[in-house]
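Chain by chain, the residues run as shown.
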There are 2 protein chains.
Amino acid sequence: MQPTRPEIEEAFRRVGLRRTPQRFDVMDFLLRHPVHATADQIYEELNRRDPRVSRATVYNSLRSLMEAGLVREVAMEGKAARFDAYLRRHHHFVCDRCGKVEDVDFFDLPARERDQVIGTRRVREFQVTLYGLCEACGR
Amino acid sequence: MQPTRPEIEEAFRRVGLRRTPQRFDVMDFLLRHPVHATADQIYEELNRRDPRVSRATVYNSLRSLMEAGLVREVAMEGKAARFDAYLRRHHHFVCDRCGKVEDVDFFDLPARERDQVIGTRRVREFQVTLYGLCEACGR
DNA sequence: TTTTGTGCAAAAGGTTTGCATACGA
DNA sequence: TCGTATGCAAACCTTTTGCACAAAA
């Protein structure tokens, strides 16, 4: 989109991604809407603003952004995947009722239990997903 | 299949699920193969043993088992869903290389951090997923 | 100029559904 | 018997792919 968003340009440069308008817009959308949109929601919005944007390109962009580590896919039971700008570590909260996915601040695991449980596996990363009722649904 | 498996019959009775051969076999398969099979893998195996088993019925059975809380769906980024008999709480480990999903023993989260992070949301459950290299791939 | 991305439409999974029939309780 | 599950095939939804053209570095 219009506002230059130097952080995106810088991130693209850092990971060696070409700056195409479509790819830029996908990243921009994810940063502006931290609501874990589906590929289709991203497509609808970008295509409405600029009809040149195709569904395939949204998927392609998401893939390159994921491969570059700037975006993460949040696998959702049964439903379409959701996407998440991943510039800083965090966990997720999924509302049982409205299905919304919210970011929650990162926190670490208790080292003792974790080490006991992982045995000799080499753990690169972990992700905590909490389920329950979000603030709006919970009252 | 053949061996009566009283634990399954009992679980079905407990949650009020009819005992059909197909449904029973799906549950039995998941208990015998704690490898987080896809619906299609379950279908292939059951249909090979008994050609009367259809794909739709495998999906239907998985759905009723999930609704009854006996089975859990493990959402996998990009790929087909995997299914997991969920008679006791546990977490998951996903191998980056071979894609295998392993159960790891349940452990709790540090209460302080968790409460800070969830704020006023009502958390019903949580799930930790660890990523890395499994024992076989790690050396 | 070289390489990579884009758009389109078609294809490929994976999962759900409608309907007549079969089966469990 | 009554109500629910099954099997089949078709429908559906999401995602990927092949190819010719366009744009980035």
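Up top is the structure.
For every chain, the first residue of the written sequence is number 1, and numbering continues from 1 along that sequence. Whichever chain is written first becomes A and whichever ligand is written first becomes 1, with later ones labelled in order. Local features in this predicted model are restricted to residues of pLDDT 70 or higher, and side-chain atom pairs are both shown and tallied only at a pLDDT of 80 or more, whereas totals for entire chains, interfaces and linings draw on every residue. No hydrogens and no water enter the side-chain calculation; it runs on all heavy atoms of the structure.

Novice: Just to check I follow, could you spell out the packing of aromatic side chains for this structure?
Specialist: Geometry of an aromatic ring pair is reported as the spacing of the ring centres plus the angle between the planes. All names here are of chain B. Ring geometry is summarised as follows: Phe, Tyr and Trp rings, the Trp one being its six-membered ring, pair when their centres sit within 6.5 Å, and such pairs are stacked at plane angles under 30 degrees, edge-to-face over 60 and tilted between the two. What the rule picks out here adds up to three aromatic pairs over all chains. Judged by centre distance (6.5 Å) and plane angle (75 degrees), the ring pair of Phe 12 and Phe 24 falls under edge-to-face. Of this pair, Phe 12 sits in helix H1 (residues 6–15) while Phe 24 sits in helix H2 (residues 21–32), placing them 12 residues apart in sequence. Phe 24 carries the same exposure label as Phe 12, and that label is buried. Pairing Phe 106 with Phe 126 gives two aromatic rings, centres 5.8 Å apart and planes at 45 degrees, and the pair type is tilted. Highlighted residues: Phe 106 in the loop between strand E4 (101–105) and helix H5 (111–118) and Phe 126 in strand E5 (residues 122–133), separated in sequence by 20 residues. Given a relative accessible area of 29%, Phe 106 falls into the partly exposed group. Numbering of helices and strands runs from the N terminus; a helix is a DSSP stretch of H or I covering at least four residues, while a strand is a stretch of E covering at least two. Whether a residue is buried, partly exposed or exposed follows from its accessible area with a 1.4 Å probe, protein chains only, as a fraction of its type maximum: under 20%, in between, or over 50%, in that order.

Novice: I keep staring at the sheet that holds strand E3 (residues 90–95) of chain A and nothing clicks. Help me out?
Specialist: What links the strands of a sheet is backbone hydrogen bonding, and the strands pair in either a parallel or an antiparallel sense. Strands are treated as partners if at least two bridges between them are detected by DSSP. On the basis of which strands lie adjacent, the open sheet formed by six strands has the order E4(A)-E3(A)-E5(A)-E5(B)-E3(B)-E4(B) and mixed pairing. For this open sheet the edge positions go to strand E4 (101–105) of chain A together with E4 of chain B, each flanked by a neighbour on one side alone. Taken pair by pair, the neighbouring strands of this sheet meet at an average axis angle of 30 degrees, ignoring direction. As a rule, the C-alpha atoms of each element are fitted with a line to give its axis, helices using only the stretch in contact, and angles between N-to-C directions run from 0 to 180 degrees.

Novice: What am I meant to see in the protein's contact with DNA strand D here?
Specialist: Residue proximity to a molecule or strand is established when one non-hydrogen atom of the residue lies within 4 Å of it. The immediate surroundings of DNA strand D are formed by 21 residues, with A:Tyr59, B:Thr20, B:Gln22, B:Arg52 and B:Thr57 found nearest. Across the atoms of DNA strand D situated within 4 Å of the protein, the share located in sugar and phosphate is 75%. Identification of polar contacts relies on pairs of N or O atoms within 3.5 Å, with a donor-acceptor requirement for protein atoms, meaning one able to donate a hydrogen and the other able to accept it, and with residues adjacent in sequence counted only if both atoms are side-chain atoms. Contacts to DNA strand D include A:Tyr59, whose side-chain N or O atom sits 2.4 Å from a phosphate oxygen. One nitrogen or oxygen atom from the side chain of B:Gln22 is found 3.0 Å from a sugar or linking oxygen belonging to DNA strand D. Residue assignment for the surface near DNA strand D shows that the elements contributing at least two residues are helix H4 (55–67) of chain A together with H2 and helix H4 (55–67) of chain B.

Novice: When you look at the interface of chain A and chain B in this model, what are you seeing that I'm missing?
Specialist: For an interface, size is often stated in terms of accessible area lost upon the parts coming together. Here, residues are in contact when the closest pair of their heavy atoms is within 4.5 Å. Each partner contributes residues to the interface: chain A has 37 residues there, and chain B has 37 residues. Accessible surface is computed with a 1.4 Å probe, and the buried area is the amount of it that two parts give up when combined, taken over both parts together. Buried area between chain A and chain B, summed over both chains or domains, comes out near 3100 Å², and the portion from carbon and sulfur atoms is 60%. Within this document, salt bridges are pairs made up of a side-chain nitrogen of Lys or Arg and a carboxyl oxygen of Asp or Glu, the two lying within 4 Å of each other. Here A:Arg124 makes a salt bridge to B:Asp96, at a shortest N to O gap of 2.8 Å. For the side of chain A that touches chain B, the elements supplying multiple residues, two or more each, are E4, helix H5 (111–118) and strand E5 (122–133) of chain A. A per-element tally of the side of chain A that touches chain B places E5(A) first, with 12 residues. Taken together, the residues of the side of chain A that touches chain B sort by class into 16 nonpolar, six polar and 15 charged. One ladder, built from 11 bridges, connects E5(A) with E5(B); its direction is antiparallel. Paired with A:Thr129 across the two strands is B:Gln127, which belongs to E5(B). Charged residues are taken to be Asp, Glu, Lys and Arg, nonpolar residues to be Ala, Val, Leu, Ile, Met, Phe, Trp, Tyr, Cys and Pro, and polar residues to be all remaining types, Gly included.

Novice: Can you walk me through the relation of the copies chain A and chain B in this structure?
Specialist: One copy of the chain maps onto the second through a rotation about an axis and a displacement along it. Residues reaching a pLDDT of at least 70 in both copies supply the C-alpha atoms on which the copies are superposed by least squares. Placing chain A over chain B gives an RMSD of 0.1 Å and needs a rotation angle of 180 degrees, together with 0.0 Å of translation along the axis. As the rotation angle and translation indicate, the two copies are arranged about a two-fold axis. Considering only C-alpha atoms, the residue of chain A closest to the rotation axis is A:Val128, which sits at 2.2 Å. A shared interface surface links the copies, since 100% of the contact residues of chain A are contact residues in chain B too.

By themselves, these observations are geometric and do not establish any function.
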